[in-house]
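# Geometric and topological summary
What follows is each chain in one-letter form.
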Amino acid sequence: MSTTSGIFTKTLMDEETKRLHVVAGELAPDDFDKSGKMTVWKMSKYLQGCRLVYLTHTPWFDAVRNRAWVRHQKIDFLPAFSKHIDYSTSLKVTMWLSFVGNTSFVWDYVVSDYVTGIQVVKAKTQMVWVDLADRRPAKIPDEFRERLVADPRPVVVQPFPSKPASHFKFQLSVASSDTDFNQHTNQAVYIRMCMDAASAGALKGQFTFPKELVYYNPRSVTVNYVKESKMGDCLEIACWENQSNPISVCCEITKGSEVVCQCQLEFDYDVKSKL
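What you see is a predicted model, and the numbers here were worked out from it, not measured in a lab.

What follows covers the pattern of salt bridges. For the structure shown, the criterion picks out twelve salt bridges. Across the pair R135 and E228 runs a salt bridge, and its minimum N-O distance is 2.5 Å. Of this pair, R135 sits in the loop between β6 (119-131) and β7 (136-137) while E228 sits in the loop between β9 (218-225) and β10 (234-241), placing them 93 residues apart in sequence. For R135, a relative accessible area of 26% corresponds to the partly exposed category. When salt bridges with common partners are traced through the structure, they connect D30, D31 and K42 into a single cluster.

Rendered as C-alpha cells:
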C-alpha cells in the first residue's frame, strides 16, 4: 500500500480487481456525537474523502474543469456500526465503480474495521459528471469506463414519499462552514441538517419517538440531491414520519419554492429508549 496525507494513512488501487482500498487512522473525537456513537453524517464525509482519493488515482482527471457531484446516496448501517466502533477503531473502505452511463456513474462501498474485518457499513452513491464552466452535467470520459466492475445496472433513485399536509417545519440559513470547495452546501451537511430538524421535532412532541436521533441506532440514510444551495440561502426543512416504521423520518429541504434535497432517515427504536 502507498501512504497518503490527511486522515487516510494507506491506499491501494488494485488494478486487477479495479477496487480501491483506503485505510484511515484512528477516529477523531469529533467523529462521535454526544451519545458516544460515530456521527451518521461523518460517515458520509469519510466516503467523500475516499472518492477524492479514488480520483487522485485517475491520472486524466482535471479538477479545474470537471467535478463529480453526488446525485443520490444510500448508506446502510450494519449492527456493528453502533456496537463495535469506538475511538480506537481504524476503518478500511473498499470501493469500486459499478456503473457508468453517459453523464452519471455509481460507486459502491464496503466499510469495515481494519483490524478485525468486521463490516460496519455498505453504501452506494450515484455521481454526476459536471463541467464547472456552466455547472451542468457533462459526458463522462471514455477512460473512466476502464475502471468499471461488471455489475448489473443499479436501480438507484426511487420515488420519494409524498409530503403530507401536516408536517413539522424547521428553518435555517446556510453558513460559510456548511459549504465546500464546490462553493455549495456539502452533501454530508444536508444529512446533519435533517437530523437536527427531526431531533428538534421529536423534542417538541411532533413524532412517536421522544429523543434526539443521535440516541437511536441508525439503519440507513437515503438522500436525493436535487439542486444547489449556497452560503446565505434560507432553507426550510419539512419533516414527517413514514408510518410504516416507528423511526423512519422523511425530510424535504426547500429554498423558496424549489426542492433542494430529500432525505429519509431510518433508526432502530428500542422500547427501552422511552425510559
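The next subject is the nonpolar core. Counting residues in hydrophobic clusters, the biggest one holds 74 residues, and the most contacted among them are M43, F105, W107 and L265. No other element matches helix α3 (residues 187-203), which puts ten residues into this core. Non-local contacts of M43, meaning those with residues more than four positions away in its chain, are made with M38, I75, F77, F81, L91, V111 and V121.

Quick look at the confidence of the model for the protein chain now. Keep in mind that low pLDDT regions are not for reading the predicted coordinates in detail. Averaged over every residue, the pLDDT of the protein chain is 90; the share at 70 or more is 92%. Highest mean pLDDT in the protein chain belongs to strand β8 (residues 168-173) (98); lowest belongs to strand β1 (residues 8-14) (86). Note on residues 1-6: pLDDT under 50 across the span, and eleven contacts to partners over four residues away in sequence or across chains.

Let's shift gears to the side chain of H72. Tracing the backbone through its elements, the reader meets H72 in strand β3 (residues 66-77). A residue is classified by how much of its surface remains accessible, and H72, at 4% relative accessible area, is buried. Separated by 3.2 Å, the side chain of H72 and the backbone oxygen of V223 make a polar contact.

Inspection of the secondary structure assignment puts I118 in the loop between β5 (104-113) and β6. On the accessibility criterion, I118 (34% relative accessible area) is partly exposed. Residues within four places of I118 in sequence aside, it is in contact with A80, H84, V111, S112 and D113.

Our next topic: unusual backbone geometry. For R135, which is not a glycine, the phi torsion comes out positive at approximately 55 degrees. The phi torsion at Q183 lies on the positive side, around 65 degrees, for a residue other than glycine. Mapped onto the secondary structure, Q183 falls in the loop between β8 and α3. Residue Q183 is classed as exposed on the basis of its relative accessible area, which comes to 53%.

Conventions and cut-offs
Residues numbered from 1 in each chain as written. Predicted model: local features only at pLDDT ≥ 70, side-chain atom pairs only at ≥ 80, totals over all residues. Heavy atoms only, no water. Salt bridge = Lys/Arg side-chain N within 4 Å of Asp/Glu carboxyl O. Helix = DSSP H or I, 4+ residues; strand = E, 2+ residues; numbered from the N terminus. Buried < 20%, exposed > 50% of the residue type's maximum accessible area, 1.4 Å probe, protein only. Core = buried A, V, L, I, M, F, W, Y, C linked by side-chain atoms within 4.5 Å. Contact = heavy atoms within 4.5 Å. pLDDT = per-residue confidence, 0-100. Polar contact = N/O pair within 3.5 Å; in protein donor to acceptor, adjacent residues only side chain to side chain.

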